[in-house]
Amino acid sequence: MAARTVHKAAIPIQNPNAIKPAETNGVAHDAEGSPSTKSQTPFDASPTTASAAANHPSSTVAPVASKPIGNTWQSLDMGGVGIKNIPKTSGLFAFTFLTTLYLNHNALQAIPPEISKLRHLELLDLSGNALATIPPELGMLTSLKELYLFDNQLTTLPPQLGALHQLQTLGIEGNPIEPSLKMIVQKDGTPALVSYLRDSCPIPGPPPDRQWKHFIAPAERDAITSDPTSETFRVLCYNILCERCATEKLYGYTPSWALQWDYRKELILTEIVHHNADFVCLQEVDNAQYEEYFTKALGDHDYEGVYWPKSRFKMMSEIDRRLVDGCAIFYKASKYSLVEKHLIEYSTVAMQRPDFKKTDDMFNRVLGKDHIAVVALLENRETGTRIIVANTHLAWDPQFSDVKLVQAALLVEEVEKIAHNFARYPHAFLLHPLQPLAPRIPVILSGDFNSVPESGVYEFLSTGTVPPNHEDFLSHVYGKYTSEGLRHRLGLKSAYAGLGELPMTNYTPSFKGAIDYIWYSASNLSVNSVLGEVDPGYLDKVVGFPNAHYPSDHLAIVSEFRVRPPREPQQARPPPVFPESSRAHT
């Protein structure tokens, strides 16, 4: 618990370039202001350090580089100027770039909920007012490290403050606060109180169901449903957040009980089964959970699976291997037959490229990543239609946009090779021994690409080309990729692109955006519908995922496709017939 700050007179706007003193990291102070060893934070690493150690994005480290705040000043001091009221429409709440705000020693009796718009605040001082309550919306300010509430009339704290996972110093002296809360702070420090509030916070109401967005009119949908020759299938893509990374260090705003695998696995399974997809592409599936949970649980719903863990699996002990995550593809076994399966290890494939072997950047940047893709070659048991389903999880670190682009290029190259060979295989079922081989097999590429729609990865997959000097290469050298550029001929489109990508597929305090996609070959597949966004009204009150309703930091995305019939080959035109008079005489 922090000591009282010194009373101030009316003070001008603070110097935004002033060097901040070292943070106390939750160390409480006694009445004389000396540090108290009792209140040292129990966390042994900062979120950033924890995220790096886990090799995983977190509540404080995003998978995509954030844009810098454009303002030259970020601090505002309105302390001691006699403010009695801040209206909800105050222009103060338009200063969303603020990191420091002093409203201390005024005559405020209430703080409007709109203060939640100031998401970048790291220090907020409300001391010396006449506040009997503070709004629960303060819990949305997840960047807060210092919150001063000295000398008010507070008797309790809203449990929503439990979402302030970065809070290091909380000042509550001089309030008639309930003894149990004061005791936690005095005995164990600010982090302990934040944890208590977080885990005791009531569960909010569930969000409305996500709505399907249709690309075709109702009449056309009915015609497709009633047509026995039409062929449709549904794909679900979902990064489920592996158990190893579902920790309080990475997701400190999430109640500890909501991070437990026993709680999350049931929500994950319910989500998958509810959508009844023909193909389920999961990322961050622990080796143990695939074998012990998903194989059986999804097997009860007619699914069979293909799975590989990440490459580090090979170098670990039997016990440690259980916690290595990977990618899984499940398919409806009664409808599809697995013809073949492939593992793509990006580091291994990169090593096999002659133009990469003498590239220092490949050794220093690409080979250090063990990301993979899993590819399943399938055949419809009834129609004989073939399909290639690939599922991947690309590098997450925002400082490695070049590696993401290289991995995407390697993925497409390998899928093109696999598709070329698969097209020449005989059909697996005697039911269709004479079924003509399709010249181009439908392709689905799904996964967590850790790349936003403005990225080089998205540009490459959607347009089929990227120039050799693309900014996402970060001026690194990758053989022909950076001398000639990237190209592919799969003709891919994102399933959601027709209606606009979702506002987000990953939702944490550090990042809210679309990084998960279902790509499809547009020459032989069309989109019928996609599963829509989460209700914005619900999100306005949610710090981030996972939470009580969403078991992962990612959303499941789902799309329904229809197979486009192959074009009838055009008959060769007969040779032209010229009139007798136009012929040359011999």
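Residues numbered from 1 in each chain as written. Predicted model: local features only at pLDDT ≥ 70, side-chain atom pairs only at ≥ 80, totals over all residues. Heavy atoms only, no water.

1. Some points on the packing of helix α2 (residues 179–188) against helix α3 (residues 190–200)
Viewed as axis vectors pointing N to C, α2 and α3 meet at an angle of 140°, and their least axial separation amounts to 7 Å. Of the possible angle classes, the one that applies to α2 and α3 is oblique. Across the interface between the two elements, Leu-181, Ile-184, Val-185 and Asp-188 of α2 pack against Thr-190, Ala-192, Leu-193, Tyr-196 and Leu-197 of α3. Tallied by class, the residues present in the contact of α2 with α3 amount to seven nonpolar, one polar and one charged. (Axes fitted to C-alpha atoms, helices over the stretch in contact; angles between N-to-C directions. Helix = DSSP H or I, 4+ residues; strand = E, 2+ residues; numbered from the N terminus. Parallel < 35°, antiparallel > 145°, perpendicular 65-115°, else oblique. Contact = heavy atoms within 4.5 Å. Nonpolar A, V, L, I, M, F, W, Y, C, P; charged D, E, K, R; others polar.)

2. A closer look at the sheet that holds strand β3 (residues 75–77)
Either a parallel or an antiparallel arrangement is found when strands of a sheet pair, and the pairing is made through backbone hydrogen bonds. In space, the five strands of this open sheet follow the order β3-β4-β5-β6-β7, with parallel pairing throughout. In the strand order of this sheet, the two ends are held by β3 and β7 (169–171), each with one partner. Averaged over all pairs of adjacent strands, the angle between their axes in this sheet comes to 5°, without regard to strand direction. Bridge analysis of strand β4 (residues 100–102) against strand β5 (residues 123–125) gives three bridges, and the strand direction is parallel. Across the sheet, the residue bridging to Leu-101 is Leu-124, located in β5. (Pairing = 2+ DSSP bridges.)

3. With respect to the environment of Gln-168
Assignment of secondary structure puts Gln-168 in the loop between β6 (146–148) and β7. Accessibility expressed as a relative area gives 15% for Gln-168, which makes it buried. Sequence spacing of Gln-168 and Thr-190 is 22 residues, and the spatial spacing of their C-alpha atoms is 6.1 Å. (Buried < 20%, exposed > 50% of the residue type's maximum accessible area, 1.4 Å probe, protein only.)

4. As for the nonpolar core
Core analysis: the largest hydrophobic core is formed by 51 residues, its most contacted members being Leu-282, Phe-294 and Ile-444. If we ignore the near neighbours within four places in the chain, the residues touching Leu-282 are Leu-236, Tyr-238, Ile-240, Ile-272, Phe-294, Gly-326, Cys-327, Ala-328, Phe-330 and Asn-391. Counting 46 residues, the second largest nonpolar core, distinct from the first, contains Leu-405, Ala-408, Ile-441 and Tyr-517. (Core = buried A, V, L, I, M, F, W, Y, C linked by side-chain atoms within 4.5 Å.)

5. So, the pattern of salt bridges
Once the charged atoms of two side chains with opposite charge are near each other, the side chains can pair. Within this structure, the stated rule accounts for 17 salt bridges. Residue Arg-312 pairs with Asp-370 through a salt bridge whose shortest N-O separation is 2.6 Å. Of this pair, Arg-312 sits in the loop between β11 (303–309) and α8 (318–321) while Asp-370 sits in the loop between α10 (360–366) and β14 (372–380), placing them 58 residues apart in sequence. The residues Arg-312 and Asp-370 share a single accessibility class, namely buried. One salt bridge connects Arg-353 with Asp-355, and the closest N-O pair in it is separated by 3.0 Å. Among the charged side chains, a salt-bridge network with shared partners connects Arg-198, Asp-199 and Glu-248. (Salt bridge = Lys/Arg side-chain N within 4 Å of Asp/Glu carboxyl O.)

6. Regarding α3
Each α-helix winds once per 3.6 residues, and so residues spaced three or four apart point in a common direction. When α3 is considered as a whole, its buried residues turn out to be Thr-190, Pro-191, Leu-193, Val-194, Ser-195, Leu-197 and Arg-198. Buried residues belonging to α3 abut β7, α2 and α5 (256–259).

7. So, helix α7 (residues 287–299)
For α7, the principal kink sits at Tyr-293 and spans about 35°. Among the residues of α7, those classed as buried are Asn-287, Ala-288, Gln-289, Tyr-290, Tyr-293, Phe-294, Ala-297 and Leu-298. In this fold, the buried residues of α7 make contact with α6 (261–275), β10 (279–286), β11, α8 and β12 (325–332). (Bend = angle between axes of the 7 residues up to and from the residue.)

8. A short note on the confidence of the model for the protein chain
Considering every residue of the protein chain, the mean pLDDT works out to 87; 84% of them sit at 70 or more. Scored below 50 in pLDDT, residues 5–48 makes 72 contacts in the model with residues more than four places away or belonging to other chains. Below a pLDDT of 50 lies the segment residues 581–586, which in the model reaches one contact outside its immediate sequence neighbourhood of four places, other chains included. (pLDDT = per-residue confidence, 0-100.)

9. Topic: empty space enclosed by the protein
Scanning the entire structure with this criterion turns up five cavities of 30 Å³ or more. The space that makes up the largest cavity amounts to roughly 110 Å³. Partitioned by chemical class, the residues of the lining of the largest cavity number four nonpolar, seven polar and five charged. (1 Å grid on protein atoms, 1.4 Å probe; cavity = no way out; pocket = protein on both sides within 12 Å on 5 of 7 lines; lining within 4 Å. Points joined across faces, edges and corners; volume = space filled by probe spheres on them.)

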